[in-house]
Every structure is written in C-alpha cells, then in structure tokens.
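# Structure assessment
As a plain string of letters, each chain reads:
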Amino acid sequence: MERLRRTMLFMPGNNPSMLQSAGILGADSIILDLEDAVSITEKDAARVLVRNAIKDVDFYDTEVVARINPLSSGFGLKDAEEIGRVKPDALMVTKATEEDVSTVCEILTKVEIEEGFEAGSIKIFPLIETAYGLENIHSIIKASPRVIGILLGAEDLTADLGIKRTREGEEIFYARSKVAAACRAHKIDAIDTPFADMNDCKGFAKDIHTSKSLGMTGKAAINPRQVDTIHEIFAPSEEEIDYAQRVIRAMEEAQKEGKGVFSLDGKMVDAPIIARAENVMKKAKLAGLIK
Ligand SMILES: CC(=O)SCCNC(=O)CCNC(=O)[C@H](O)C(C)(C)COP(=O)(O)OP(=O)(O)OC[C@H]1O[C@@H](n2cnc3c(N)ncnc32)[C@H](O)[C@@H]1OP(=O)(O)O
Ligand SMILES: O=C([O-])CC(=O)C(=O)O
Ligand SMILES: [Mg+2]
C-alpha cells in the first residue's frame, strides 16, 4: 500500500505519556527518538521504553519509526537489534553513511530471520545531516533496498558546515533541492527538517511552502500543534485540483482528435503538464480530498 507521509512527528523516547498518545495525534508517521532528544544517562531506559511501547501501545495506522543512535556511539548497534525485534515500520539511521545503512540492513536481515518476520519488512530512513551524507546521498539510498525515504536534518547539517541556521532557511536551499532531486530520482520520500519555533506561525507556514516548492514530499514536526498546518499546505489546493481536473478533461478531448499538444486558458499543455496534473489528482485522492 502506498502511504501518505506528509508529517513525521518526533517525540523523545524517554517520555511515556507522549509515547502513549502517539497514535492519536494525527501525524502520518511518528519518530520515537533514542538519539538527541534523550540524554546520555537515559539511553538504555529509553530503548526499553520504546521497545515496550512498540510492542504494547496501539498506534492505529500511524507509521512507527524509531530513530537510533549513531552506530559509532556504543548505543546504535544495540538500538538497531533490540528495536528491530519488536518490528517497527522503520529505523531511522542518524548521520547516515552508506556503511551505516548497510550495517543496519544486515542487522535487520538477521533479526527478521530469527524472529520469523517477512524478509525486508522493516524499512530504513537515513537521516542526511552531514556534509558527507549530503554529497553521497545516492550511495546512501542505494546501500539498501529497505530505504523508503530520506529526512533532511538541518540542525546537524548546518553545524557540520559551520554556518548559521536561520528562520528564513536560505542556507539550506541547496540541501533541500539536492535531497528532493535525489529522492525523486530513486522514487522515495523526501522529508524536510523540522521548524523549531513552535509559536512563529507565519515563519512556519512560509517554511512549509518553501519546502513544498522545492520538491520535498513531507516535513518533520516536533510538536502535535504543527501537524495540521503541514497537512494543509502539503495537500493540493482547491485551485490546483480544479486546474488538474480541467487539464485531464481537455487531454481526453485532445486525444480523441489525435493531438499531443493543445492549449488551455491560452497556455500550452503537453506531456509534462499532464503528468503534473495526474500527480496532483493522485495526491488529492490519497489525502481523501476527492474520490
Ligand atoms: C533537531 C532534532 O533532533 S529534532 C528531534 C528531536 N526532538 C524532539 O523529539 C522534541 C519533540 N518535542 C518536544 O519534546 C516538545 O514539543 C517540546 C519540548 C519541544 C515542547 O514541549 P512543551 O512546551 O510541553 O509543548 P506543549 O506545551 O505544546 O505541549 C502540549 C502537549 O503536547 C504534548 N507534546 C508536545 N510535544 C509532543 C511531541 N513531540 N509528541 C507528542 N506529544 C507532544 C505535551 O506532552 C503536552 O501534553 P499534555 O497537554 O498532555 O501535557
Ligand atoms: O531530523 C531532523 O530533522 C532533526 C535533526 O536531527 C537535525 O536537524 O539535526
Ligand atoms: Mg540531528
């Protein structure tokens, strides 16, 4: 089944009340974090909590992703193996390199055999948040057939680049464009970095529009209050749906007349415009906006 992945809501893996309510917050996916939202002294306790939550809590049809620690940290390998055994939908690999993705893939293959899970059923979401990761994104995606999407992590990326992270986000224009294009090339999802200021509604909306306009397919959230706004902006607008429907109707008419190119509202319509219209209709259907 093709899934909508407009929002991925982060929550600290050591917060039982957040984990308990994770399936009813409206996000398409939740990311149960074992990495930066969990202090070093809480790492083992959080792993146990996340493992038990995946086993016991009903998340309804929300996709469940666990963000594991870097493999070099002394926690990451244990995270991958122990969380893999309770069958999350995916593991998120932090500061990913191609070797990390291969290693996590091998661990999951072993776990799936030992636990009797379907081969390849646990997916991988690499986090691109280093200059190395950004410049090697294709090899990272190709490192495992389990990779279903990329999350861009702008806080760590800008720290690695030694540049400032700003409200406007001009500094991540290249990274967003590169992640969007690479993901499109491999037909996987491109999820944008979260917006940290939960009270800056104007800045947040602008940030989501920018991300959508560059080809990202969804956005991470850090607070349930951010979810609806992301869904609204990522959904095709009424005007987009109306135009797409008119393009498709006009195309059907043109086809009857044997024309590959025609005009609508005085503008040329040919194959790429039709493909875009079909894509808008597909997204609108997935979001339940049309039948
Ligand atoms: C750069 C990175 O690595 S980002 C990824 C790692 N970061 C995270 O995981 C942080 C996730 N977010 C959070 O922990 C919190 O939203 C904070 C700390 C940023 C703000 O917390 P608060 O000030 O308590 O937020 P707020 O007042 O909006 O919370 C309202 C309710 O939503 C809950 N809530 C807030 N954030 C989340 C979340 N991410 N997931 C689930 N529930 C949440 C709160 O527990 C609270 O519930 P309650 O009313 O039952 O007590
Ligand atoms: O995953 C994210 O988008 C958040 C993150 O780790 C970062 O920005 O470094
Ligand atoms: Mg990070």
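Details of the structure are given in the entry above.
Residues numbered from 1 in each chain as written. Chains lettered and ligands numbered in written order. Predicted model: local features only at pLDDT ≥ 70, side-chain atom pairs only at ≥ 80, totals over all residues. Heavy atoms only, no water.

### Observations concerning the overall build of the chain
- Secondary structure assignment for the chain yields 12 helices and 10 strands.
- The dimensions of the chain, computed from C-alpha atoms along their principal axes, are 65 × 45 × 35 Å.
- Buried positions account for 48% of the 291 residues belonging to the chain.
- Expressed as a percentage of contacts within the chain between residues at least 6 apart in sequence, the contacts between residues at least 24 apart total 70%.
- Accessible surface, the chain as shown: approximately 14,300 Å² in total, 53% of it carbon and sulfur. (Helix = DSSP H or I, 4+ residues; strand = E, 2+ residues; numbered from the N terminus. Buried < 20%, exposed > 50% of the residue type's maximum accessible area, 1.4 Å probe, protein only. Contact = heavy atoms within 4.5 Å. Areas by Shrake-Rupley, 256 points an atom, 1.4 Å probe, with all protein chains shown as cover.)

### Concerning the coordination of the magnesium ion (ligand 3)
- For the magnesium ion (ligand 3), the full set of protein donor atoms is Glu129 (OE) and Asp156 (OD), and the range of their distances to it is 2.0 to 2.1 Å. With a gap of 27 residues between them, Glu129 in the loop between strand 5 (123-128) and helix 5 (131-135) and Asp156 in helix 7 (residues 154-161) connect regions that are remote in the sequence.
- Judged by its relative accessible area of 23%, Asp156 is partly exposed. (Donors = N, O, S within 2.8 Å, 3.2 Å for Na, K, Ca; no water.)

### Looking at the environment of Asp156
- Each C-alpha atom, one on Asp156 and one on Tyr60, is 32 Å from the other, the two residues being 96 residues apart in sequence.
- When neighbours within four sequence positions are excluded, Asp156 is seen to be in contact with Asp36, Lys95 and Glu129.

### Some points on the site of ligand 2
- Around ligand 2, the neighbouring residues are Phe10, Arg67, Leu127, Glu129, Leu151, Leu152, Gly153, Ala154, Glu155, Asp156, Thr193 and Pro194.
- The backbone of Glu155 places a nitrogen or oxygen atom 2.8 Å from an oxygen atom of ligand 2.
- Asp156 is positioned with one of its side-chain polar atoms (N or O) 2.9 Å from an oxygen atom of ligand 2.
- In this structure, ligand 2 is accommodated by the second largest pocket.
- Only strand 6 (149-152) and helix 7 provide two or more residues apiece to the shell around ligand 2. (Near = heavy atom within 4 Å. Polar contact = N/O pair within 3.5 Å; in protein donor to acceptor, adjacent residues only side chain to side chain. 1 Å grid on protein atoms, 1.4 Å probe; cavity = no way out; pocket = protein on both sides within 12 Å on 5 of 7 lines; lining within 4 Å. Sits in = over half its atoms within 2 Å of the grid points.)

### As for the site of ligand 1
- The environment of ligand 1 is formed by 15 residues, the closest being Phe10, Arg67, Ile222, Asn223 and Arg225.
- A distance of 2.6 Å is found between a nitrogen atom of ligand 1 and a backbone nitrogen or oxygen belonging to Phe10.
- At 3.0 Å, a side-chain N or O of Arg225 approaches an oxygen atom of ligand 1.
- Relative to its unbound accessible area of 960 Å², ligand 1 is 54% covered by the protein chains.
- Sort the elements by how many residues they give to the shell around ligand 1 and strand 1 (residues 7-12) lands first, with 4 residues.
- Split by residue class, the shell around ligand 1 holds 10 nonpolar, 1 polar and 4 charged. (Nonpolar A, V, L, I, M, F, W, Y, C, P; charged D, E, K, R; others polar.)

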